[in-house]
Every structure is written in C-alpha cells, then in structure tokens.
Amino acid sequence: NAPKQNFANLSYTIRPPRSYSYWQNIGAYVENNQSGIMSDDGLYLSYTIHLLLRKNLIASFGTFAGFKKFSLTPGILDANDPVVQKTNFQTYVYPDIIPGFRLSNKKFFFDISAKQVTINRIHGFNCNQIGGPSKLNPVLFIAYGKVFPLTDFLTLLPSVALNQAIVGPSSI
C-alpha cells in the first residue's frame, strides 16, 4: 500500500472597506493520510491576517484549529487474538492547533509552521490513555519557493520544503 494524501481547503477573504494595509481570511480544511494499515483524518477551521509591510511585501500570520482521528485497519491482524478482539482501532485527538507564518511577494514565498504542538499525547474523548505512553512529537515545516507566472490563469511555483520532527538536534 503506497502512502496516499487527500485534502480540500476552502477560504473566504474579508477585506474591510477602504483598507489597503491588511485583510483577513477564514476557512476550513479537511485531510486524509494513509500509509499501510495506518491512517489519519483531520478537520480544521482557519484564521489568517495578512499585513502589507511595504509595496508588494506581505506578512501573513495564521492558525488552524481542529481535531484528528487516527485509525488502524485491522485487516491483516489475527481476528482470534484476544487483544485484537478488545481493541478500538480509532481514536480522536484534540485540540490540534497549527500556527504558521508566511512572507511573500510576487516573486517568492517563505513559510514556517508547526504541527502537533498541542497534541503530544494520544487520548480518547474520555481522557483515557490509548496504548502505551506514546508521544506525537511536534513537527516543524519550512518551505521556500519562487513564483513564475506562465499565463493569466497558470503559475509555476517550484519550491523546496523541510519537515523536521522536533525531538533533538537535526541531522543533515
């Protein structure tokens, strides 16, 4: 089973009357990630404020807030195993808050955000620990890219991204 990722994002821009120095976005994001017998689904609401620092340079600060559902597909596990028979193969974790920052203009963008900042332990809705004392380490996401408009409706965005779990010194 090859890893799969699906997502959808909706956003709405709020621009105050006669305001050229800032605007806001609200939105929703849904995702599904699958890797082998493990999968996770997330549902988030978002808020972002965009500040015009100078002509064509924008700083954006935002956050996603929501929850995740982690699941295990028991298809390859032995159904006669008593542990498998008594196991709940899904759990919800919340609140999942993802802060982020973007600096951009018409030629480039730079992003930095952190995932799993507020959900470092896996607990169910009744606050019981799920399995052993497993941890979800925070993950830092950094991206840089260039913007190349090809037509009025098509833009090329080549970029490089780094995902790094925050568990200790980085190994490069």
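For the structure itself, consult the block above.
This one's a predicted model, so the numbers in the text were calculated from it and none came from an experiment.

A. Focus on the pairing of strand E7 (residues 139-146). Bridge count for strand E6 (residues 108-115) against E7 is eight bridges, and the pairing is antiparallel. From the neighbouring strand, Ser113 faces E7, where its bridge partner is Phe141.

B. Layout of the packing of aromatic side chains. The tally for this structure, following the rule as stated, stands at seven aromatic pairs. When the centroid spacing of 6.4 Å and the interplanar angle of 45° are considered together, the rings of Tyr29 and Tyr44 count as tilted. Taken as a pair, Tyr29 in strand E2 (residues 22-35) and Tyr44 in strand E3 (residues 38-54) lie far apart in primary sequence, 15 residues in all. Look at Tyr29 and you get buried, because its relative accessible area is 18%. Look at Tyr44 and you get buried, because its relative accessible area is 3%. Arranged with centres 5.0 Å apart and planes meeting at 45°, the rings of Phe61 and Phe101 form a pair that is tilted. A residue pair is termed long-range when its members are at least 10 positions apart, and Phe61 in strand E4 (residues 57-72) and Phe101 in strand E5 (residues 90-104) qualify at 40 residues. An aromatic cluster is defined as three or more aromatic residues linked by ring pairs; in this entry it consists of Phe7, Tyr29, Tyr44 and Phe64.

C. Structural view of the pattern of salt bridges. The tally for this structure, following the rule as stated, stands at four salt bridges. Asp40 serves as the salt-bridge partner of Lys68, at 2.9 Å between the closest nitrogen and oxygen. Of this pair, Lys68 sits in strand E4 while Asp40 sits in strand E3, placing them 28 residues apart in sequence. Judged on exposure class, the residue Lys68 and its partner Asp40 are both buried. Linked through salt bridges whose partners overlap, the residues forming this network are Glu31, Asp40 and Lys68.

D. Just the sheet that holds strand E10 (residues 159-165), in detail. Across the sheet, eight strands lie side by side as E1-E2-E3-E4-E5-E6-E7-E10; this open sheet has antiparallel pairing. Both outer strands of the open sheet, strand E1 (4-14) and E10, are each paired with one neighbouring strand and no more. Averaged over all adjacent pairs, the angle separating strand axes in this sheet is 15°, with direction ignored. Sheet analysis places E7 next to E10, joined by seven bridges and oriented antiparallel. Across the sheet, the residue bridging to Tyr144 is Val160, located in E10.

Criteria and cut-off values
- Residues numbered from 1 in each chain as written.
- Predicted model: local features only at pLDDT ≥ 70, side-chain atom pairs only at ≥ 80, totals over all residues.
- Heavy atoms only, no water.
- Pairing = 2+ DSSP bridges.
- Helix = DSSP H or I, 4+ residues; strand = E, 2+ residues; numbered from the N terminus.
- Phe/Tyr/Trp six-rings, centres within 6.5 Å; stacked < 30°, edge-to-face > 60°.
- Buried < 20%, exposed > 50% of the residue type's maximum accessible area, 1.4 Å probe, protein only.
- Salt bridge = Lys/Arg side-chain N within 4 Å of Asp/Glu carboxyl O.
- Axes fitted to C-alpha atoms, helices over the stretch in contact; angles between N-to-C directions.

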